[in-house]
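Given next are the chains, with one letter for each unit.
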Amino acid sequence: TQSTRPQRLLHAVQKNATRGDPRSVVKAIDNFCRQKEWAMNVGDEKGCILDSVVSEVNPVTVLELGTYCGYSTVRIASLLPPRAKIITLEFNPDYAKIARQVIAWAGLEDKIQVVEGPSGEWIPKMKEQFGVKTFDLVFLDHWKDRYLPDTKLLEDCGLLRKGTILLADNVICPGTPDYLEYVRNSPRYKSQYFKSHLEYTKAEDGLEKSVFLG
Ligand SMILES: COCc1ccccc1-c1cc(O)c2[nH]cnc(=O)c2c1
Ligand SMILES: [Mg+2]
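Summarised in this report is the structure supplied together with it. Bear in mind that the values here come from a model prediction, so they are computed numbers and not experimental data.

### Looking at the side chain of T134
By the element assignment, T134 lies in the loop between α7 (126-130) and β4 (135-140). Here T134 is in contact with T61, G158, L159, L160 and R161, once residues within four sequence places are set aside.

What follows is the structure, given as structure tokens:
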């Protein structure tokens, strides 16, 4: 039976990356996507912007919306202090299965909790299920039509605090116009655009960094 792209990406990690070395996992995925098959990881160019935001925020509790194969999950977790944790939500069970194996190869299972299911259903359960008070950093990288409703849900569930950073991928390509309009015009956010390129291509894309003002 034919393998899937996420399965081929996982095999590239297991072949080319060193167990327990997160940066070698990130490099192996980027090489696979540049040399073999494009895949929708945040990639190295936007990934460096992600790294700088993570290092600046030094978050203890991170929420990632959209795990895919775990590339950005591993990238973020490799920069976190010892007790810090990431909860990453993935709707697609096949993606979640691959992501768990990529995360295990990187040796980061203790920092990362992969949760399967719709973000709209899981966000209201964060406090009771995972003992989360508020998130220090939210990385939005799931589905463009869910960025705005999930952001409003995070607000309504009291999961954002004064200073929480929202970092959103793909605000240009595929594009999240309603989300951009909201965070750029709402008095409750201070927003900043980081121009970059769609992973592994020359097309424009970028990350939007928004601080929740409370
Ligand atoms: C399935 O579309 C793939 C694609 C095709 C063309 C342009 C962009 C994208 C793209 C790029 C990304 O970084 C993405 N990140 C998260 N969820 C996405 O759906 C997503 C889509
Ligand atoms: Mg993306």
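Alright, that's what it looks like, and here's the rest.
### Quick look at the site of ligand 1
Lining the immediate environment of ligand 1, one finds W38, M40, D141, H142, W143, D169, N170, C173, P174, L198 and E199. Residue H142 places a main-chain N or O atom 2.6 Å away from a nitrogen atom belonging to ligand 1. Here N170 contributes a side-chain N or O atom positioned 2.7 Å from an oxygen atom of ligand 1. Under a 2 Å grid-point criterion requiring more than half of the atoms, the pocket assigned to ligand 1 is the largest pocket. Looking at the shell around ligand 1 residue by residue, the classes come out as six nonpolar, two polar and three charged.

### Some words on helix α1 (residues 5-16)
The end-to-end C-alpha distance of α1, which contains twelve residues, comes to 16 Å, matching closely the 16 Å that a straight helix rising 1.5 Å per residue would cover. Every buried residue of α1 is listed here: P6, L9, L10, A12 and V13. Considered in projection along α1, the buried side chains sweep an arc of 155° and stay on one side of the axis. Buried residues in α1 make contact with α2 (22-35) and α5 (93-106).

### What about the coordination of the magnesium ion (ligand 2)?
The magnesium ion (ligand 2) binds to the protein through D141 (OD), D169 (OD) and N170 (OD1), with metal-donor distances spanning 2.0 to 2.2 Å. For the magnesium ion (ligand 2), all donor residues lie on one chain, and their spacing in sequence is D-x27-D-N. In this pair, the class of D169 matches that of N170, namely buried.

### Some remarks on the nonpolar core
L9, V25, I29, V74, I76 and V102 are the most contacted members of the largest nonpolar core, which has 42 residues in total. Of all the secondary-structure elements, those providing two or more residues to this core are α1, α2, α3 (43-57), α4 (71-77), α5, β3 (112-116), β4 and β5 (160-168). Examining the composition of this core, we find that seven residues originate from one element, α5, more than from any other. In contact with L9, other than residues within four places in its own chain, are I29, F32, C33, A39, N41, C69 and V102.

### Focus: helix α8 (residues 147-156)
Those residues of α8 that sit buried are Y147, L148, D150, T151, L154 and E155. Looking straight down α8, one finds that the buried residues subtend no more than 170° of arc, so they occupy a single side. G158 sits one or two residues past α8 and shows a positive phi near 65°.

### Thoughts on the packing of α8 against helix α10 (residues 177-185)
Viewed as axis vectors pointing N to C, α8 and α10 meet at an angle of 40°, and their least axial separation amounts to 8 Å. In terms of their interaxial angle, α8 and α10 are classed as oblique. In this structure, α8 uses Y147, L148, T151, K152 and E155 to contact α10, whose residues at the interface are D178, Y179 and Y182. Counted by class, the contact of α8 with α10 contains four nonpolar, one polar and three charged residues.

Criteria and thresholds
Residues numbered from 1 in each chain as written. Chains lettered and ligands numbered in written order. Predicted model: local features only at pLDDT ≥ 70, side-chain atom pairs only at ≥ 80, totals over all residues. Heavy atoms only, no water. Helix = DSSP H or I, 4+ residues; strand = E, 2+ residues; numbered from the N terminus. Contact = heavy atoms within 4.5 Å. Near = heavy atom within 4 Å. Polar contact = N/O pair within 3.5 Å; in protein donor to acceptor, adjacent residues only side chain to side chain. 1 Å grid on protein atoms, 1.4 Å probe; cavity = no way out; pocket = protein on both sides within 12 Å on 5 of 7 lines; lining within 4 Å. Sits in = over half its atoms within 2 Å of the grid points. Nonpolar A, V, L, I, M, F, W, Y, C, P; charged D, E, K, R; others polar. Expected span 1.5 Å × (residues − 1). Buried < 20%, exposed > 50% of the residue type's maximum accessible area, 1.4 Å probe, protein only. Arc of directions from axis to C-beta. Donors = N, O, S within 2.8 Å, 3.2 Å for Na, K, Ca; no water. Core = buried A, V, L, I, M, F, W, Y, C linked by side-chain atoms within 4.5 Å. Axes fitted to C-alpha atoms, helices over the stretch in contact; angles between N-to-C directions. Parallel < 35°, antiparallel > 145°, perpendicular 65-115°, else oblique.

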